[in-house]
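Residue strings, one per chain:
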Amino acid sequence: MGDSFWSVVVQQIVNGVSLGAVYALIAVGFALVFNVLKFSNFSHGGVLAISAYVGYFAALKLHLSLIPVLLVGTLAGGLIACGVEFVAFRSIRKKRGQLVYFFVTSVTMLMLLEQVLVIFFGASFFTYPRLISLTTLTIGQVSISVLYVLMMVASAIAFGVLAWALRFTRVGIAIRAASNDLITTNLMGVNVDFIVLATFFVSGLLAGLSGVLLGMSYTLYPQIGQLVVKGFIASVLGGLGSLVGAALGALALGVVEVLLISVMGSGLSPAVIFAMMVIFLLVRPQGFAGVSFQEKA
Amino acid sequence: MRKSLALFLILAMLAPVAVLAAGCSGGSNEILIGNIQDLSGPNKAFGLAMTNAAEMYKEKLNAAGGINGKKVRIISYDTKSEVQEAINAYQRLVDQDKVLAVLGPPIANMGIALAPIAEGKKVPIVGLFMDEKATTNSKTGKPYTYMFLGQNSSGAQARAIAAYAINDLKLKKFAILYNQQNAYSVSLAEPFIAYVTANGGTIVDKETFMTADKDYKAQLTKIRQAKPEAIYMPNYPQEIPLTLQQAYDLGIKATILGDNSYIPFATSSNTDPKASEGVYFPYGVDPSDAKLKQFSDEYLAKFGYAAIAQSYSGWDAFGALIEAIKRSYAASKKVTPDMVTTEMNKTKDFPGYQGSLTISPDTHRPVGLPMIILQMKGGKPTTLAKVIPPAEK
């Protein structure tokens, strides 16, 4: 194979970016809810996990092909997230509960959704039917799997649509207004319940998409939603609430993780990542994007 | 109303006690054997395989009259793949259920945790915990009195595939990728490295990952750079499809060597056949052996899914245990956990599916038990050779 030093470095960066693309999809959905409601929504991971199973069964039982499976999983994510908002968060919001209640509820929902999966499917793992043949693109000495390319393309399309919708659609503009000030937006005559539900729906769509893509590229197991922690780290790095920051934070996290593993091994690298995060937040608490929220929870 | 509620509550509380008492009183005309397995967790494929095999064995045994006119009853507890649950289950089996012996899990971490506890409780455990630390006390170098292994140890397995790679495949430069948090993986990796370096081979790269990791491309890229002729990947079920597919993604052409979990996890239902093509791994039984066919047909008809290695080796382990109980009765008309332990040490030439099972009293592990070397072709395993694992030095 004759790997030169630089081809290895480039390969590792490609590995990191492809891992970062996975994290980015989680981080942006996560950041979206933070943007509007100002709390870290860990139930995002639960929505991701259930959607991944929905996609799996759509592929297995209904014999759907790749694109329909992605659509079914994505839509399932949106609907489940609406259910979560309605059941778990709406009454806290109506009672003007403290942010810490939202946070605790979101963690509880993550665990609850995970346990639902354990009850129905057991803790063992599943592998997705092969919707896309294992194919690798090779450029020089650098290889990348088509599945990862697909993942990056899907992320890019999702971000593009999201950016467009937030800027140009009525609901999108209302979401942005709500993220600025929920109470004033309400006073201006916007139906806040609907806007919050719409935010959860969009965030759930992203969770669903990332769930199916994660299930396809890794295996499927009830704890797959715990990858939301990576999305959380990425969105903290990016500046909580900033969508562009979250995406950048995720890519940076993916690349740093891969480079650290290749330099110091898998045992030490998580500790170093968390240490780096602490130092980063000391130096730049507002993250890459420069938006700082006092209400971090 | 309140009185009847109180009465109901008291009865409800007493019910488990009554059930317990009934269970214990069965002791006079029943032989109780405990079974500690993962029945609902991530490794339930292994746990169910052992439990099913033991149940099949028991049904045949009881239908033929049991042991000395006594029926065998198996009490199974679910570990959910958690070590603490396995410890609780063993204590409950010994203290409350008063079992004679225990069929142990095929999980290294659990065997290692149970070994010192069994020394105190003095009820033997026969299982498939392959890590040698589950049968040998690493402080004294002597075997744990009450622990017995019913299949080749991980050391034997690692030496079998290493010897095959060096002697038959003529490979010299090896890399290794394994989960450093998993006792099973570590217990395979270390003897593999020791055997390779002692027999003229070299380890050009050693990479590890953690249980929570799902992406191994950083490690595999380093391995690719080190240009090994073969990569040993002794990993757990969930990791097998991922390691194979990611190695393929990176265009790695080196020969891949695996472990005895590659059936069914590297086969086409779990792993893309392109990624598993050509992989070599050792296995406890020969899937092409006609003797296995009757068992596997019966197993499939009874449980609705196929038998795996642990079904056959679980049968062998349970069978060796039953034979030890029979010998105790034959010798002195009664049986105690200590007598079963003594008889387990004398296990010789038990006709199992893995081969003729003889347990060494010096190690409490099988001696001279063969392993089969298989290779993946088109998503299916094909039998290449039967080997006797080189002895440890």
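So, how was this worked out
- Residues numbered from 1 in each chain as written.
- Chains lettered and ligands numbered in written order.
- Predicted model: local features only at pLDDT ≥ 70, side-chain atom pairs only at ≥ 80, totals over all residues.
- Helix = DSSP H or I, 4+ residues; strand = E, 2+ residues; numbered from the N terminus.
- Rg over C-alpha atoms; globule rule 2.2 N^0.38 Å.
- Buried ≥ 20, exposed ≤ 12 C-beta atoms within 10 Å, placed from the backbone.
- Pairing = 2+ DSSP bridges.
- Contact = placed C-beta atoms within 7 Å.
- Nonpolar A, V, L, I, M, F, W, Y, C, P; charged D, E, K, R; others polar.
- Domains from an automatic or database assignment.
- Core = buried A, V, L, I, M, F, W, Y, C linked by C-beta atoms within 7 Å.
- Axes fitted to C-alpha atoms, helices over the stretch in contact; angles between N-to-C directions.
- Parallel < 35°, antiparallel > 145°, perpendicular 65-115°, else oblique.
- Left-handed = near helix turned anticlockwise from the far one by under 90°.
- pLDDT = per-residue confidence, 0-100.

**Q** Hey, could you go over the overall build of chain A for me, with residue numbers and the actual values?
**A** Helix and strand content of chain A: 11 helices and 2 strands. Helices and strands in chain A line up, N terminus first, as α-α-α-α-β-β-α-α-α-α-α-α-α. Taking 2.2 N^0.38 as the reference for a compact globule, 297 residues should give roughly 19 Å; the C-alpha atoms of chain A span a radius of gyration of 19 Å, in line with that estimate. With respect to the principal axes defined by its C-alpha atoms, chain A has extents near 65 × 50 × 35 Å. Here chain A holds 297 residues, and the buried ones make up 48% of them.

**Q** Describe unusual backbone geometry, and please don't skip the residues or the numbers.
**A** With glycine set apart, most residues show a phi of negative sign, and most peptide bonds adopt trans. Residue and element names in this part refer to chain B. Put simply, Ile 263 and Pro 264 share a cis peptide bond, and its omega is 5°. Following the sequence through the fold, Pro 264 ends up in helix α9 (residues 262-265). Phi is positive for Lys 227, close to 50°, though the residue is something other than glycine. Positionally, Lys 227 belongs in the loop between α7 (217-226) and β8 (230-232). Using a count of 14 C-beta atoms within 10 Å as the deciding quantity, one classes Lys 227 as partly exposed.

**Q** Explain the pairing of strand β1 (residues 136-139) of chain A to me, using residue names and the numbers behind them.
**A** Two strands pair when backbone bridges link them, and β1(A) and strand β2 (residues 142-145) of chain A are joined in this way by 4 bridges, in the antiparallel orientation. Note on β2(A): the bridge partner recorded for A:Thr136 is A:Ser145.

**Q** Tell me about the interface of chain A and chain B, and name the residues and values.
**A** Taken together, the contacts link 27 residues of chain A with 34 residues of chain B. At the level of secondary structure, the elements contributing two or more residues to the side of chain A that touches chain B comprise α1 (5-37), β1, β2 and α10 (243-264) of chain A. Top element by residues in the side of chain A that touches chain B is α1(A). It accounts for 5 residues. Along the lines of polarity and charge, the residues of the side of chain A that touches chain B split into 10 nonpolar, 15 polar and 2 charged.

**Q** If you had to explain the domain arrangement of chain B to someone new, which residues and values would you point to?
**A** Residues and elements named next belong to chain B. Partitioning chain B into structural domains gives domain 1 (2-151 + 291-362) and domain 2 (155-283 + 372-387). Computed from C-alpha atoms alone, the centre-to-centre distance between domain 1 and domain 2 is 31 Å. Listed as interface residues are 10 residues of domain 1 and, on the opposing side, 11 residues of domain 2. Per-element tally for the side of domain 1 that touches domain 2: the top contributor is helix α4 (residues 108-121), with 3 residues. The residue makeup of the side of domain 1 that touches domain 2, split by class, is 7 nonpolar, 1 polar and 2 charged.

**Q** Requested: an account of the nonpolar core, with residues and values cited.
**A** Membership of the largest hydrophobic core comes to 200 residues, with the highest contact counts inside it found for A:Ala24, A:Leu25, A:Ala27, A:Val28, B:Ile231 and B:Leu321. Tallying contributions element by element places α1(A) first for this core, with 17 residues. When we break this core down by domain, the ones giving at least three residues each are domain 1 (2-151 + 291-362) and domain 2 (155-283 + 372-387) of chain B. Excluding residues within four positions of it along the chain, A:Val28 makes contact with A:Phe159, A:Leu206, A:Leu243, A:Ala246 and A:Ala247.

**Q** So what about the pairing of strand β10 (residues 280-283) of chain B? Which residues, and what values?
**A** Residues and elements named next belong to chain B. Neither face of β10 is exposed, since Tyr 280 and Pro 282 on one face and Phe 281 and Tyr 283 on the opposite face are all buried. Here β10 runs beside strand β13 (residues 371-377); their pairing, made up of 4 bridges, is antiparallel. The residue of β13 that forms the bridge with Tyr 280 is Gln 375.

**Q** Let's hear about the packing of helix α2 (residues 43-61) of chain A against helix α8 (residues 192-217) of chain A: which residues, and what values?
**A** All names here are of chain A. Contact geometry of α2 with α8 gives a least axis separation of 7 Å together with a crossing angle of 55°. Judged by the inter-axis angle, α2 sits oblique to α8. Here α2 runs over α8; the crossing is right-handed. Facing His 44, Val 47, Leu 48, Ala 49, Ser 51, Ala 52, Gly 55 and Tyr 56 of α2, the residues of α8 in contact are Ser 203, Gly 204, Ala 207, Gly 208, Ser 210, Gly 211, Val 212, Leu 214 and Gly 215.

**Q** Lay out the confidence of the model for chain B with the relevant residues and their values.
**A** Residue and element names in this part refer to chain B. Taken as a whole, chain B shows an average pLDDT of 90; of its residues, 93% reach a score of 70 or greater. Looking over chain B, one finds the lowest element-wise mean pLDDT in helix α1 (residues 2-25), namely 53, and the highest in β8, namely 98. Low pLDDT, under 50, characterises residues 18-27; the predicted model gives this stretch 6 contacts beyond four residues in sequence or across chains. Complex prediction metrics read pTM 0.84 and ipTM 0.84.

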